[in-house]
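Okay, here's what each chain looks like letter by letter:
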Amino acid sequence: MVEGIGMKCQKCERENAEAVEFCAQCGSRLRDSPLKDAPKEHMKSSKRLVVIVALVLVATVLAPTFVYIYMSPEYSWDAAVNDSDGDGFADAKDAFLENSLEWSDSDSDGIGDNADLLPYHNAVVVVSIDLYIGDEASDTGENEDGTLGDYYFVIGISTDGDDMLPIEYEQTEQSDVFYETEKIIDGFAMVLDVNDDQGRIDFSIDVFDDDSGTSELITHHERHFTHPFTRSYVVAWGVDDPTCFLVFSVTLTSDLVAQP
């Protein structure tokens, strides 16, 4: 064995000195050059760099598009952002997804707050006789007996909003008879439970004089009114010098506070 020999040629199997780079017999390289794999490593690094750059470019283009779609009320898939009807309220907070005029229903009655007469309670209308003054304290009619009038009131209400005449009043109520009097204060009131999106109400007020069991119509008044409903009316009649007065009012309120 030759001293210092330590590298065996992989091609011809000759033993060569350890420091020799090429085989003394066949000339083959005994060990890889440090620079042999350098081009391959360089190519791998270049490919990685290209991939990174491509990913950065894709992210730069797609990220704003993603953000735009997500934040867009028209296109976002998130109910907390999406606004199907374009009313400015996201679907997650909109009780009426297909109605741009409504978005909340505070009393859960199926009618949006904007159309609801009373958004937080059930609505009723109260028609009340506030004051009636008769005809100079004299009884009237064929059965006039010289006593004070025996008056009573009949109120009729219609909610169908029909302009056809005569109006068919779906609900009527009659007061008690006020015997032998010429002035009646807070004489009668009628409470009507209306639809919470009611747009119009028609009502009539009749004043009668009860003459010995028969009834004489003193006056008849018809009115129709629209939201917001609440208002007062004053009616006076007589020849030259009005001697009869009727004051009545209409009030929109909650069924929690209405008094029949």
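Residues numbered from 1 in each chain as written. Predicted model: local features only at pLDDT ≥ 70, side-chain atom pairs only at ≥ 80, totals over all residues. Heavy atoms only, no water.

1. Quick look at the overall build of the chain
Okay, step 1: When you go through the chain residue by residue, the secondary structure sums to one helix and 10 strands.
Okay, step 2: When the helices and strands of the chain are listed from N to C terminus, the series reads β-β-α-β-β-β-β-β-β-β-β.
Okay, step 3: With 260 residues in all, the chain has 34% of them scored as buried.
Okay, step 4: When contacts within the chain are restricted to residue pairs at least 6 apart in sequence, those whose partners lie at least 24 apart make up 48%.
Okay, step 5: Only carbon and sulfur atoms are counted for the fraction: they give 55% of the accessible area of the chain, which is about 16400 Å². (Helix = DSSP H or I, 4+ residues; strand = E, 2+ residues; numbered from the N terminus. Buried < 20%, exposed > 50% of the residue type's maximum accessible area, 1.4 Å probe, protein only. Contact = heavy atoms within 4.5 Å. Areas by Shrake-Rupley, 256 points an atom, 1.4 Å probe, with all protein chains shown as cover.)

2. Considerations on the pattern of salt bridges
Okay, step 1: The tally for this structure, following the rule as stated, stands at one salt bridge.
Okay, step 2: Of the charged contacts in the structure, one is a salt bridge between Arg-200 and Asp-202, with a shortest N-O distance of 2.9 Å. Of the two residues, Arg-200 and Asp-202, neither departs from the other in class, the shared state being buried. (Salt bridge = Lys/Arg side-chain N within 4 Å of Asp/Glu carboxyl O.)

3. Describing the packing of aromatic side chains
Okay, step 1: On inspection of all chains with the given rule, the structure shows 10 aromatic pairs.
Okay, step 2: Pairing Tyr-233 with Phe-248 gives two aromatic rings, centres 5.0 Å apart and planes at 15 degrees, and the pair type is stacked. With Tyr-233 in strand β9 (residues 231–237) and Phe-248 in strand β10 (residues 244–254), this residue pair connects regions lying 15 residues apart in the sequence.
Okay, step 3: Judged by relative accessible area, Tyr-233 falls into the buried class, the value being 6%.
Okay, step 4: Aromatic rings pair up to connect Phe-203, Phe-225, Phe-229, Tyr-233 and Phe-248 into one cluster. (Phe/Tyr/Trp six-rings, centres within 6.5 Å; stacked < 30°, edge-to-face > 60°.)

4. Points about the state of the cysteines
Okay, step 1: In the structure shown here, the tally under the stated rule is zero disulfides.
Okay, step 2: With no disulfide of its own, Cys-23 has Cys-12 as its nearest cysteine by sulfur position, at a separation of 3.4 Å. (Disulfide = S-S within 2.5 Å.)

5. Section: the sheet that holds strand β8 (residues 214–226)
Okay, step 1: The strand order across the open sheet built from four strands is β5-β4-β7-β8, with neighbouring strands paired in antiparallel fashion. In this open sheet, the two strands that pair with only one neighbour each are β5 (171–174) and β8. Taking each pair of neighbouring strands and ignoring which way they run, the sheet shows an average axis angle of 15 degrees.
Okay, step 2: As judged from the eight bridges shared by strand β4 (residues 151–158) and strand β7 (residues 200–211), these two strands associate in the antiparallel manner. Across the sheet, the residue bridging to Ser-158 is Asp-202, located in β7. (Pairing = 2+ DSSP bridges. Axes fitted to C-alpha atoms, helices over the stretch in contact; angles between N-to-C directions.)

6. Things to note about unusual backbone geometry
Okay, step 1: Phi is positive for Glu-13, which is not a glycine, with a value near 65 degrees.
Okay, step 2: Here Glu-13 falls in the exposed class, since its relative accessible area comes to 54%.
Okay, step 3: One non-glycine residue, Asp-186, adopts positive backbone phi at about 50 degrees.
Okay, step 4: Tracing the backbone shows Asp-186 in strand β6 (residues 183–193).

7. Points about the side chain of Arg-200
Okay, step 1: Relative to the helices and strands, Arg-200 is located in strand β7.
Okay, step 2: In terms of polar contacts, Arg-200 uses its side chain to reach the side chain of Asp-202, at 2.9 Å. (Polar contact = N/O pair within 3.5 Å; in protein donor to acceptor, adjacent residues only side chain to side chain.)

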